[in-house]
Each structure stands twice: as C-alpha cells, then as structure tokens.
Amino acid sequence: MDKDLIEEELTQLSRRGLFLKGGAAAAGLTVLGSPAAAAFAAGTATKIKVAVVTHGDTGSFWSVFKKGVDQAARDFKARGVSVTQVYANNNVAKQVAGINAAIAGGAKVIATSVPDASALKDPLSKAASKGIEIITVNSGLGAFDSLSTYEVHVGQTEDVAGKGAG
C-alpha cells in the first residue's frame, strides 16, 4: 500500500470510527451519567424538556439534522421527552433568544451549535448554572472549546469533513 492510500484509510477510520465509537461512547457516557439518564433508562413517563437551538436553517444540510431530531422526538415521546426546535438562520440574536426561551421554559437539555462562542457564552453559562445539560453540535474545531459549559460535542474537524465531502 502506498502512503496516500494508508492515510486515506486512517482518515476513513478516524471519521467513521471516531464518530461511531468514540462519539457514541462519549455521548452515551455523558447521558448515562446525567439526571436525564434515569428517565431515559427507566422507561417511565418522567417529563424532560429538550431544546435544540442552532444557527442553521432547514435547508439541505440542516434538514438532515432536523430529520434526526424529529425522529428522536418521536422515539422518546412515550418516555415523557418533549423537544422544541429553533433554527435561527444565522441570526445570532434569534439563537440567543431561543436559548433564553429554553432556559425560561424549563429545558433539562439544550443542544446547540456554536457559530459565535462569545455571543453564546453568557446564555449557555446561565443554562449550565441552572443544571441544564449542554450538548454542542456542528460547531467546528475549537469553537466549542472556549465554552466550559458543554457536556459533549457532536461534530468533526473541517479537514475531515472536507476530505469526506471531496
């Protein structure tokens, strides 16, 4: 095997393996260690509010994300999980308002993208101080790292994503 082929196979492994094994394990451990986990695992009708607030729209990229959120909402509805969604269409003020509404509405979990960490730092810190679990999604390498409030990040580096798209 030549060096480029080996590198490509390692990239494939890291993209798929990291997401499927590492990401799923990290997400699973985070959720299983959380207060929300008891309701998910118990199968009882405990009320859990989940808010999904992203900078995206529901166009070609985010529609795939939304489809997954919609399916999860259907799958967990019988267990008392309700899901609200805000797609801010690159409007930071709308995203901040969506996070603040989730806090005021009693969300236990907020899943959010972080296109502008400085703008989202205060509302996410407020959420974390109230015990709300934060999951960051599709934020790009480093964007979510400036926030000490998130439990887990679901995403990949732009290099890996670009190679996959190419």
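Residues numbered from 1 in each chain as written. Predicted model: local features only at pLDDT ≥ 70, side-chain atom pairs only at ≥ 80, totals over all residues. Heavy atoms only, no water.

Q: Go over unusual backbone geometry with me, naming the residues and quoting the values.
A: Backbone geometry at Asn89 places phi at a positive 50°, although glycine is not the residue there. By the secondary structure assignment, Asn89 is in the loop between β2 (81–87) and α4 (92–104). In this structure, Asn90 takes a positive phi of about 65° despite not being glycine. For Asn90, the position within the fold is in the loop between β2 and α4. (Helix = DSSP H or I, 4+ residues; strand = E, 2+ residues; numbered from the N terminus.)

Q: Just give me the short version of the nonpolar core, but keep the residues and values in it.
A: Ranked by size, the top nonpolar core spans 16 residues in total, and within it Ile99 and Ile110 carry the most contacts. Contributing elements (two or more residues each) for this core: β1 (48–54), α4 and α5 (117–129). Once residues within four sequence positions are removed from consideration, Ile110 is found in contact with Ala51, Ile99, Ala102, Ile103, Ala127, Ile132, Glu133, Ile134 and Ile135. Core analysis: the next-biggest nonpolar cluster, separate from the first, contains five residues, Val52, Trp62, Tyr87 and Ala111 among them. (Core = buried A, V, L, I, M, F, W, Y, C linked by side-chain atoms within 4.5 Å. Buried < 20%, exposed > 50% of the residue type's maximum accessible area, 1.4 Å probe, protein only. Contact = heavy atoms within 4.5 Å.)

Q: Mind laying out the confidence of the model for the protein, listing which residues take part and the relevant values?
A: A residue-level look at the protein finds 63% of positions with pLDDT of 70 or above and a mean pLDDT of 75. Of all helices and strands in the protein, the one with the weakest mean pLDDT is helix α1 (residues 3–32) (42), whereas α4 scores best (97). The model gives residues 5–33 a pLDDT under 50, and that stretch makes 24 contacts with residues more than four places away or in other chains. (pLDDT = per-residue confidence, 0-100.)

Q: Can you tell me about the side chain of His55, naming the residues and giving the values?
A: With respect to the helices and strands, His55 occurs in the loop between β1 and α3 (60–77). For His55, a relative accessible area of 15% gives the class buried. If we ignore the near neighbours within four places in the chain, the residues touching His55 are Trp62, Ala88, Asn89, Asn90, Gln95, Ser113, Pro115 and Asn138.

Q: So, the packing of aromatic side chains: which residues are in play, and what are the values?
A: For the coordinates displayed, the defined rule picks out two aromatic pairs. Where Phe61 meets Trp62, the ring centres are 5.3 Å apart and the plane angle is 85°; that geometry is what we call edge-to-face. Judged by relative accessible area, Trp62 falls into the buried class, the value being 6%. Among the aromatic residues, ring-to-ring pairing joins Phe61, Trp62 and Phe65 into one connected group. (Phe/Tyr/Trp six-rings, centres within 6.5 Å; stacked < 30°, edge-to-face > 60°.)

Q: Which residues make up the pairing of strand β4 (residues 133–137), and what values do they have?
A: Every regular strand shows the same layout, with side chains that alternate between the two sheet faces. Counting buried residues in β4 gives four out of five residues, a clear majority hidden from the surface. The sheet contact formed by strand β3 (residues 109–112) and β4 spans four bridges and is parallel. Paired with Thr112 across the two strands is Thr136, which belongs to β4. For the crossover from β3 across α5 to β4, the handedness is right-handed. (Pairing = 2+ DSSP bridges. Right-handed = clockwise from strand over helix to strand, strands pointing away.)

Q: Account for α4, naming residues and giving values.
A: Look at α4: 18 Å from first C-alpha to last across 13 residues, which is about the 18 Å you get at 1.5 Å a residue. Residues of α4 that are buried include every one of Gln95, Val96, Gly98, Ile99, Ala102 and Ile103, and no others. Seen from one end, α4 has its buried residues packed into an arc of 155°, which puts them on one side. Facing away from the buried side of α4 by over 90 degrees, the exposed positions are Ala93 and Ala104. Packed against the buried residues of α4 are β1, β2, β3 and α5. By the N-cap criterion, in which a side-chain oxygen at the helix start approaches the backbone nitrogen of a residue two or three places on, α4 is capped by Asn91, the distance to Ala93 being 3.1 Å. One or two steps after α4, the chain reaches Gly106, where phi turns positive at roughly 85°. (Expected span 1.5 Å × (residues − 1). Arc of directions from axis to C-beta. Polar contact = N/O pair within 3.5 Å; in protein donor to acceptor, adjacent residues only side chain to side chain.)

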